[in-house]
Amino acid sequence: MSKKQDAYYFQNFIACADYSCQAAHLLKETISHFDGTSLKKKLDEIHELEHQADNQKHDLLNTLVRAFITPIEREDIIQMSQNLDDMTDQIEDVLIKIYYNRVTYIREDFLPLVDVLIRSCEKVREMMNEFSNFKHSKALRDYIIDVNTLEEEADKLFIDCMYKLHDTCKDPLEVIAWREIYSCLEKCVDICEHVADTVETTVMKNS
């Protein structure tokens, strides 16, 4: 397999990770300057990013179907592509839930959780930039650990957010809405960890 063909898969992974970073930053921009009247426009913007990420995944799968030799095992390529696509899908889902739950304000403890998501997505992108060198990289292991650490940080923030929600909010409908939103956001960081776990497994299988 030529180096150009070999590099295609890893470049595709980087591009997919970048879409998740763009989506995470768009989510933060939306909630930092929250305006319910412009939320539909933001939904259209994040959906376009999700659509582009889907196209990136489909391009990779179409190439994989025709490939005779691949740089890593096919099932690992498919799993990595799906996990990366799930990141952007899930971030879009957070904004969708804010929209259909008719949220009128953003709880202040939501922003720190979004910041952890952004750091997780950016760490995944850095990890993908290093991934093609997995047989020789000394940094890849550190990226995996960093993503796992961020997931633990998100778990702690999530628990605090849920505790405060049930302690301070007296409107049952608002509690239900924000439980769904917090849970959806926490799952975004979980998916970042799934990407890191897939990288770790892939390295072990293909080294």
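Residues numbered from 1 in each chain as written. Predicted model: local features only at pLDDT ≥ 70, side-chain atom pairs only at ≥ 80, totals over all residues. Heavy atoms only, no water.

Draft legend 1. Examining the packing of aromatic side chains more closely. Considering all chains together, one arrives at eight aromatic pairs under this definition. Plain terms: the ring middles of Y8 and Y9 are 5.5 Å apart, the flat faces sit at 75 degrees to each other, and that makes the pair edge-to-face. With a relative accessible area of 1%, Y9 lands in the buried category. The rings of F10, F13, F131 and F134 are connected pair by pair, giving a single aromatic cluster. (Phe/Tyr/Trp six-rings, centres within 6.5 Å; stacked < 30°, edge-to-face > 60°. Buried < 20%, exposed > 50% of the residue type's maximum accessible area, 1.4 Å probe, protein only.)

Draft legend 2. Structural detail: the environment of L27. Relative to the assigned elements, L27 resides in helix 1 (residues 3–32). Residues L27 and A15, spaced 12 residues apart in sequence, show a C-alpha to C-alpha distance of 19 Å. Ignoring anything within four residues of it in the chain, the contact list for L27 reads I91, V94, L95, V114, L117 and L185. (Helix = DSSP H or I, 4+ residues; strand = E, 2+ residues; numbered from the N terminus. Contact = heavy atoms within 4.5 Å.)

Draft legend 3. Inspection of the nonpolar core at higher detail. Core analysis: the biggest nonpolar cluster contains 69 residues, and F13, L84, F110, V124, M127, M128 and F131 have the highest contact counts within it. For this core, the secondary structure elements donating two or more residues are helix 1, helix 2 (39–66), helix 3 (74–100), helix 4 (110–131), helix 5 (140–168) and helix 6 (172–206). With 14 residues, the top contributor of residues to this core is helix 6. (Core = buried A, V, L, I, M, F, W, Y, C linked by side-chain atoms within 4.5 Å.)

Draft legend 4. Representation of the side chain of T30 in the model. Inspection of the secondary structure puts T30 in helix 1. On the basis of relative accessibility, which here comes to 5%, the residue T30 falls in the buried class. One polar contact links the side chain of T30 to the main-chain carbonyl oxygen of L26, over a distance of 2.8 Å. Residues in contact with T30, not counting those within four places in the same chain, are L39, K42 and L95. (Polar contact = N/O pair within 3.5 Å; in protein donor to acceptor, adjacent residues only side chain to side chain.)

Draft legend 5. How the structure looks around helix 2. If you check helix 2, its first and last C-alpha atoms are 41 Å apart, about what 28 residues at 1.5 Å a residue would give, namely 40 Å. For helix 2, the set of buried residues is L39, K42, L43, I46, L49, E50, A53, D54, Q56, K57, L60 and L64. (Expected span 1.5 Å × (residues − 1).)

Draft legend 6. Seen up close, the packing of helix 3 against helix 6. For the pair helix 3 and helix 6, interaxial distance at closest approach is 9 Å and the crossing angle is 170 degrees. Comparing their axes, helix 6 and helix 3 come out roughly antiparallel. Here the contact of helix 3 with helix 6 is built from residues that sort into 15 nonpolar, seven polar and eight charged. (Axes fitted to C-alpha atoms, helices over the stretch in contact; angles between N-to-C directions. Parallel < 35°, antiparallel > 145°, perpendicular 65-115°, else oblique. Nonpolar A, V, L, I, M, F, W, Y, C, P; charged D, E, K, R; others polar.)

Draft legend 7. Representation of the pattern of salt bridges within the structure. The tally for this structure, following the rule as stated, stands at 14 salt bridges. The closest approach of N and O atoms between K123 and D146, which form a salt bridge, is 3.5 Å. Of this pair, K123 sits in helix 4 while D146 sits in helix 5, placing them 23 residues apart in sequence. (Salt bridge = Lys/Arg side-chain N within 4 Å of Asp/Glu carboxyl O.)

Draft legend 8. Representation of the packing of helix 4 against helix 6. Running from amino to carboxyl end, helix 4 crosses helix 6 at an angle of 20 degrees, the nearest separation of the two axes being 10 Å. With respect to helix 6, the element helix 4 is oriented roughly parallel. The handedness of the crossing between helix 4 and helix 6 is left-handed. Contact residues: helix 4 offers F110, L113, V114, L117, S120, C121, V124, M127, M128 and F131, while helix 6 offers W178, I181, Y182, L185, C188, V189, C192, V195, A196, V199, T202 and V203. When grouped by side-chain class, the residues that make up the contact of helix 4 with helix 6 number 20 nonpolar, two polar and no charged. (Left-handed = near helix turned anticlockwise from the far one by under 90°.)

Draft legend 9. A look at helix 6. End to end, helix 6 covers 51 Å across 35 residues, agreeing with the expected 51 Å (1.5 Å per residue, within 8%). Sitting at the head of helix 6, D171 places a side-chain oxygen 3.0 Å from the backbone nitrogen of L173.

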